[in-house]
Amino acid sequence: MNTPPSPPGAERSDESAVQIGALVPLSRPGWVQAGQHLLAGLELAVREVNDAGGIVGRPLELVVRDTAADPERAAAAVDELARLGVAALAGEYHSVVARAAAARADALGLPFLCSSAVLDALTEQPTKWVARLAPAQSHGWRIYADFLLSAGHTRIAVAAQPSVYWASGARILRDHLAPRGGTVIELDMSTLAPTAVCDELVDNRATALLLLVGHPEPAVSIVKSVRHDERLAEILIGAPAGQPEFAEWATLLGDDGAAIPFLRYLPERLSPLGARVETALRERLTEAPSFVAFEGYDTVTVLAEVLRSHGADRARIAESWPRVAVEGTRGQIQFSRTPGINVWQWAWPPIQVVDRDPAEPDRFRILHAS
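This write-up is about the structure you can find in this document. (Residues numbered from 1 in each chain as written. Predicted model: local features only at pLDDT ≥ 70, side-chain atom pairs only at ≥ 80, totals over all residues. Heavy atoms only, no water.)

**Focus: the overall build of the protein**
A count of helical and extended segments in the protein gives eleven helices and 16 strands. Against the 2.2 N^0.38 benchmark of 21 Å for 370 residues, the protein shows a C-alpha radius of gyration of 20 Å, consistent with a compact globule. Principal-axis analysis of the C-alpha atoms places the extent of the protein at approximately 65 × 40 × 40 Å. Residues classed as buried in the protein amount to 58% of the 370 residues present. Considering only contacts within the protein whose residues lie at least 6 apart along the sequence, 70% involve residues at least 24 apart. In the protein, which carries 34 positive and 45 negative side-chain charges, the distance between the mean positions of the two groups comes to 5 Å. (Helix = DSSP H or I, 4+ residues; strand = E, 2+ residues; numbered from the N terminus. Rg over C-alpha atoms; globule rule 2.2 N^0.38 Å. Buried < 20%, exposed > 50% of the residue type's maximum accessible area, 1.4 Å probe, protein only. Contact = heavy atoms within 4.5 Å. Lys, Arg positive; Asp, Glu negative; His and termini not counted. Charge placed at Lys NZ, Arg CZ, Asp CG, Glu CD.)

Shown next as structure tokens:
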């Protein structure tokens, strides 16, 4: 499979450079805005590392590959980047894509620090080669389920598309809610039209609807249908996977996109480092940075520290995960072995449930924090 070239400037002829392969969704059907934010964070951190002298005097370079939310394309990119001699891999937003990349990295003995993907089973077997910054889906989505219960919701419908990621999310919600008096009603969006969702919600007496579907479609159409159905004026729409985080959501939905709670991996207050990085990311993106941009920045920050301390040898990088202690934009980053997780895991980044304020849709309200 042909992999498109890196953006201009991503590969230079400087043979002394230490290279990191970056996997990012930059074209459809990938979530392009998430990819742009992830890349902005990665690039900002690389620039700052090089401004501070690089990796023991050697420049740090990103070799960027667009995964386009395609697992096969990502696996091919990992093969290519390994041949090019990168010291490690970074990035990826989509869980099913990151899973394919992680499996290939594990097979090739190539260290991979996954920035954003949350699927618990990032690899099928325990691996020393892969570490992750994002919280595992089971951890974050249980927090979201607790938020729903605290808000009084016990009959919860999930509009779900066929996917390992969405099926995993629905299972986590069901397993966590059932012992606490909650019921999860699954609506199969491979057979239901967005307009038909409304009748299902009424018939099942659901008080909340969760969007376990792709963005922008069918998520946007579902929201519009539910918002404009007078029978459902009181229903809560939620999006644990974070669809409302990006500006595109507000652009497509306007006021309809407000008051839809989602998970965001930021602290209630940024540290001085986080605040400085936020300002720099805002300038680079010309909009407010999402948590995904901070994940990108933190990924390179960790890898740069590992490279300075242990060099660019792949085996030594992989052996260093349990010894990492790096101040990131969202707290002290350390990796451990977490029950049920086969990769080295930061346990845990800060987690919030937030929504867009109906009175000011560009402003986020923190509804619940852990």
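**Describing the layout of surface pockets**
For the largest pocket, the calculated volume is near 530 Å³. Taken together, 25 residues form the lining of the largest pocket, with W31, Y93, H94, Y165 and W166 sitting closest to its centre. Residue assignment for the lining of the largest pocket shows that the elements contributing at least two residues are α3 (95-108) and α5 (164-177). Looking at the lining of the largest pocket residue by residue, the class counts come to 16 nonpolar, nine polar and no charged. The volume enclosed by the second largest pocket comes to roughly 460 Å³. Around the second largest pocket, the lining comprises 22 residues; the ones closest to its centre are R264, R282, A288, P289 and F364. The element best represented in the lining of the second largest pocket is strand β16 (residues 360-369), accounting for three residues. (1 Å grid on protein atoms, 1.4 Å probe; cavity = no way out; pocket = protein on both sides within 12 Å on 5 of 7 lines; lining within 4 Å. Points joined across faces, edges and corners; volume = space filled by probe spheres on them. Nonpolar A, V, L, I, M, F, W, Y, C, P; charged D, E, K, R; others polar.)

**A few points about the pairing of strand β8 (residues 208-212)**
In regular strands, side chains alternate between the two faces of the sheet. Burial within β8 is extensive, with five of its five residues counted as buried. Both faces of β8 are covered, namely the face carrying A208, L210 and L212 and the face carrying L209 and L211. Of the strand pairs in this sheet, β8 and strand β9 (residues 236-238) are connected by three bridges, and their pairing is parallel. Each bridged residue has a counterpart across the sheet, and for A208 the counterpart in β9 is L236. One crossover worth recording links β8 to the parallel β9 by way of helix α7 (residues 219-227), and it is right-handed. (Pairing = 2+ DSSP bridges. Right-handed = clockwise from strand over helix to strand, strands pointing away.)

**Overview of the sheet that holds strand β10 (residues 262-264)**
Judged by pairing direction, the sheet is antiparallel, and its three strands sit side by side in the order β10-β15-β16 without closing on themselves. With partners counted over all chains shown, the strands left at the sheet margins are β10 and β16, one partner each. Across this sheet, the average inter-strand angle for adjacent strands is 45°, counted without regard to direction. Looking at chain direction, β10 and strand β15 (residues 352-357) are connected through three bridges and run antiparallel. Across the sheet, residue F262 finds its bridge partner in β15, namely V354. Across the sheet, helix α4 (residues 137-150) lies against β10, β15 and β16, angled at about 130° from β10, the strand it touches most. (Axes fitted to C-alpha atoms, helices over the stretch in contact; angles between N-to-C directions.)

**Describing the pattern of salt bridges**
When charged atoms on two side chains of opposite charge get close, those side chains can pair. Overall, the coordinates contain 13 salt bridges when judged by the stated rule. Where D229 meets R231, a salt bridge forms, and the shortest distance between an N and an O atom there is 2.8 Å. Take D229: its relative accessible area is 14%, and that puts it in the buried class. R231 gets classed as partly exposed once you look at its relative accessible area, which sits at 48%. One salt bridge connects D355 with R365, and the closest N-O pair in it is separated by 2.7 Å. (Salt bridge = Lys/Arg side-chain N within 4 Å of Asp/Glu carboxyl O.)

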